[in-house]
Amino acid sequence: MTSWDTTAFGRRLAALAITIGLALGVGACSDGSPEQGRASASAPEAGSGSAMREQLQTGAPLAELQGQGGLSLTITSAERDPAGYLTVRGNLKNDGATVAVVPAELRGDELQVLRTGPSLGGATLVDFAHKKRYYVLRDTDGRPLTTTGLSTLKGGESASVFMQFPSPASDTVGFQLPLFDTANIKIAG
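Parameters at a glance
- The residue numbering used here restarts from 1 in each chain and proceeds along that chain's sequence as written.
- Local features are withheld for residues below a pLDDT of 70 in this predicted model, meaning they are given only at 70 or higher, and side-chain atom pairs are given and counted only at 80 or more; totals for whole chains, interfaces and linings count all residues.
- Each side-chain value is derived from all of the structure's non-hydrogen atoms; neither hydrogens nor water enter the calculation.
- Put simply, DSSP marks the helices as runs of H or I at least four residues long and the strands as runs of E at least two long, and each gets a number from the N terminus on.
- Should any heavy atoms of two residues lie within 4.5 Å, those residues are considered in contact.
- Note on areas: Shrake-Rupley with a 1.4 Å probe; residue coverage comes only from the protein chains shown.
- Should DSSP find at least two bridges between two strands, the strands are taken to pair.
- To obtain each axis, a line is fitted to C-alpha atoms, and for helices this fit is confined to the stretch in contact; angles are then taken between N-to-C directions over 0 to 180 degrees.
- The predictor attaches a confidence to each residue, called pLDDT, with possible values from 0 through 100.
- For every residue, the accessible area obtained with a 1.4 Å probe (protein chains only) is divided by the maximum for its type, and the residue is called buried under 20%, exposed over 50%, and partly exposed between those limits.
- Salt bridge, as used here, is a side-chain nitrogen of Lys or Arg placed within 4 Å of a carboxyl oxygen of Asp or Glu.

**Re the overall build of the protein**
Consideration 1: Broken down by element type, the protein carries three helices and 10 strands.
Consideration 2: Moving toward the C terminus, one meets the helices and strands of the protein in the order α-α-β-β-β-β-α-β-β-β-β-β-β.
Consideration 3: When contacts within the protein are restricted to residue pairs at least 6 apart in sequence, long-range pairs at least 24 apart make up 61% of them.
Consideration 4: Entry remark: accessible area of the protein is about 10,600 Å², with carbon and sulfur atoms responsible for 55%.

Given below as structure tokens:
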């Protein structure tokens with residue numbers, strides 16, 4: 001191998017180690033339920049802001065969006081992390097009585113994301129005040145940092161989902177997912 005090949009290999013190995021470490025860290029928070037998918041929805045930490053405390057006390061979701069084919073998405077939290085990203089969590093539910101196919105459009109249309117299979121990679125946030133759009137973060141291999149592997153939901157079944165974005169400057173942003181309503185959500189933290 002040339003020195004360039006060795007350096008490139010070392011960078012890829014380091015990126016893989018970081019990705020695995022992050023995956024193991026997220027997996028360590030898992031409650032082990034099959035509905036959780038690849039990600040976990042950990043309990044909010046104490047002191048994450050008055051908006052989050054109010055939401056937990058009332059149990060009110062941040063937004064409820066209607067999609068096609070009887071699917072609905074309830075956004076339960078949107079929390080900033082000190083590392084500079086925003087995690088949006090919720091529940092994707094089949095409100096119908098029959099099996100619903102999770103539409104392929106939810107993963108967006110970026111070629112790199114399309115290769116990774118079913119996901120919520122098409123979700124975006126819009127910071128209207130600063131006129132910026134934020135896309136779901138990707139790992140070093142181009143995989144979206146969001147729930148993946150959703151293909152169908154039985155009637156009445158729901159799945160816990162998450163999406164990670166760069167953290168917008170505004171505290172209220174527009175949330176968009178292909179084939180679903182658009183909603184404004186308040187960010188905690």
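**A word on the sheet that holds strand β9 (residues 172-176)**
Consideration 1: Taken together, the four strands give an open sheet; going across it, the order is β6-β5-β9-β10, and neighbouring strands pair in antiparallel fashion. Both edges of this open sheet fall to β6 (132-135) and β10 (183-186), since each of them pairs with a single strand only. The sheet shows a mean angle of 35° between the axes of neighbouring strands, direction not considered.
Consideration 2: Bridging between strand β5 (residues 124-127) and β9 involves three bridges; their strand directions are antiparallel. Opposite V126, over in β9, you have G174 as the bridge partner.

**Digging into the confidence of the model for the protein**
Consideration 1: Mean pLDDT over the protein: 77, with 69% of residues reaching 70 or higher.
Consideration 2: For residues 1-10, every residue scores under 50 in pLDDT, and the model assigns this stretch two contacts once sequence neighbours within four places are set aside.
Consideration 3: A low-confidence stretch, residues 16-53 stays under pLDDT 50, and its non-local contacts, those more than four residues away or across chains, total 32 contacts.

**A closer look at unusual backbone geometry**
Consideration 1: The phi dihedral of K131 falls on the positive side, at around 55°, and the residue is not glycine.
Consideration 2: Tracing the chain through its elements places K131 in the loop between β5 and β6.
Consideration 3: Phi at L179 is positive, roughly 75°, even though this residue is not glycine.
Consideration 4: Relative to the helices and strands, L179 is located in the loop between β9 and β10.

**Regarding the pairing of β5**
Consideration 1: Burial of the side chains of β5 extends over both faces: T124 and V126 are buried on one face and L125 and D127 on the other.
Consideration 2: Of the strand pairs in this sheet, β5 and β6 are connected by four bridges, and their pairing is antiparallel. Bridge pairing links D127 to K132 in β6.

**So, the pattern of salt bridges**
Consideration 1: A complete count under the given rule lists three salt bridges for this structure.
Consideration 2: With its nearest N and O atoms 3.0 Å apart, the salt bridge here joins D171 to R80. Taken together, the residues span a long stretch of sequence, with D171 in the loop between β8 (158-166) and β9 and R80 in strand β2 (residues 71-80) at a distance of 91 residues.
Consideration 3: What makes D171 partly exposed here is its relative accessible area of 41%.
Consideration 4: Residue R143 is joined to D139 by a salt bridge in which the shortest nitrogen-to-oxygen separation is 2.9 Å.
Consideration 5: We classify D139 as buried; its relative accessible area is 15%.
Consideration 6: Salt bridges linked by common partners bring D139, D141 and R143 together as one network.

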